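# Examination of the molecular architecture
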Amino acid sequence: LPVKVSSVVGAGDSFLGGMVTAISRDSSLEEALRYGTAAGTAATFNTGTELCHLDDTMRLVKHVVVHSCTEASVLPA
């Protein structure tokens, strides 16, 4: 997602946390990817080693669009 990044520290951990949380709640893989992406992006708002905040993640998740890897629009030419 296009956002102003303060730090990328913790973005991967937040991504994984968002995905695992969604999967543990029986979400689909697509939904888990959406929550992971939102959480990872939300973590970039913070400085230092701070992870994502729930309110930021929930605000961002509705903007995440997951595309299939087989769709021609997402494959490099």
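Below you will find a few notes about this structure. Keep in mind that this is a model prediction, so the values were computed, not measured.

### Topic: the overall build of the protein chain
Looking only at helices and strands, the protein chain features three helices and zero strands. Mapped from its N terminus to its C terminus, the protein chain presents α and β elements in the order α-α-α. Every one of the 77 residues in the protein chain was classed for burial, and the buried ones make up 30%. At a minimum sequence separation of 6, the contacts of the protein chain that also span at least 24 residues come to 55%. Carbon and sulfur atoms provide 61% of the accessible area of the protein chain, an area that totals close to 5,100 Å².

### Quick notes on the nonpolar core
Formed by A38, A42, L60, V61 and V64, the largest nonpolar core amounts to five residues. At the level of elements, helix 2 (29-43) and helix 3 (54-61) are the ones that each hand at least two residues to this core. With near-sequence residues (within four places) excluded, L60 lies in contact with L1, A38, T41, A42 and F45.

### Comments concerning unusual backbone geometry
Not every positive phi belongs to a glycine, and D26 is a case in point at roughly 65°. Tracing the sequence through the fold places D26 in the loop between helix 1 (11-24) and helix 2. Judged by relative accessible area, D26 falls into the exposed class, the value being 74%.

The rules behind each value
Within every chain, residues take consecutive numbers counted from 1 along the sequence as written. Side-chain atom pairs in this predicted model are given and counted only at pLDDT of 80 or more, local residue features only at pLDDT of at least 70, and totals for whole chains, interfaces and linings cover all residues. Based on all heavy atoms of the structure, the side-chain values leave hydrogens and waters out of the count. Helix and strand assignments follow DSSP, with helices taken as H or I runs no shorter than four residues and strands as E runs no shorter than two, numbered in order from the N terminus. The buried label goes to any residue with under 20% of its type's maximum accessible area, the exposed label to any with over 50%, and the partly exposed label to all in between, with areas taken from a 1.4 Å probe on protein chains only. Any two residues whose heavy atoms approach within 4.5 Å are treated as being in contact. Computed with the Shrake-Rupley method and a 1.4 Å probe, the accessible areas treat only the protein chains shown as cover for residues. Take the buried residues of types Ala, Val, Leu, Ile, Met, Phe, Trp, Tyr and Cys, join any two whose side-chain atoms come within 4.5 Å, and each joined set is a nonpolar core.

Just distances and angles here, no functional claims.
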